[in-house]
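Fold and geometry: a report
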Amino acid sequence: MGRTLDVIIDAVDAESGGATGRSKADAPEIDGEVHLRDAGHLAQGDIVRVEIEDADEHDLFGVPVA
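Conventions adopted
Residues numbered from 1 in each chain as written. Predicted model: local features only at pLDDT ≥ 70, side-chain atom pairs only at ≥ 80, totals over all residues. Heavy atoms only, no water. Pairing = 2+ DSSP bridges. Helix = DSSP H or I, 4+ residues; strand = E, 2+ residues; numbered from the N terminus. Salt bridge = Lys/Arg side-chain N within 4 Å of Asp/Glu carboxyl O. Buried < 20%, exposed > 50% of the residue type's maximum accessible area, 1.4 Å probe, protein only.

Looking now at the pairing of strand β5 (residues 60-64). Bridge count for strand β3 (residues 34-36) against β5 is three bridges, and the pairing is parallel. Residue pairing across strands places V34 opposite L60, the latter belonging to β5. Where strand β4 (residues 47-55) lies against β5, five bridges are found, and the strand directions are antiparallel. Following the sheet pairing, A55 is matched in β5 by L60.

Pasting the structure below:
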């Protein structure tokens, strides 16, 4: 937590303002995901800096850094 990672966006939920992506070390459909809040302005394929705020057994949770 507190770390900043580059994340590629895989999906955006405009209704909730959230997005899902992965770091360069994560393979799609195999490894964990990075779940973002306050990310409704992003688009699939964007690469953004994300500050990691929390983690569970498989996934990371964070917010895009302006």
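The next point concerns the pattern of salt bridges. Enumeration over the complete set of coordinates arrives at four salt bridges. In this structure, D6 engages R49 in a salt bridge whose closest nitrogen and oxygen atoms are separated by 3.0 Å. Of this pair, D6 sits in strand β1 (residues 4-13) while R49 sits in strand β4, and the two are 43 residues apart along the sequence. When its relative accessible area of 42% is taken as the criterion, R49 is described as partly exposed. The partner of R37 in a salt bridge is D38, and the shortest N-O contact between them spans 2.5 Å. For R37, a relative accessible area of 41% corresponds to the partly exposed category. What emerges from the salt-bridge pattern is a single network uniting R37, D38 and E53.

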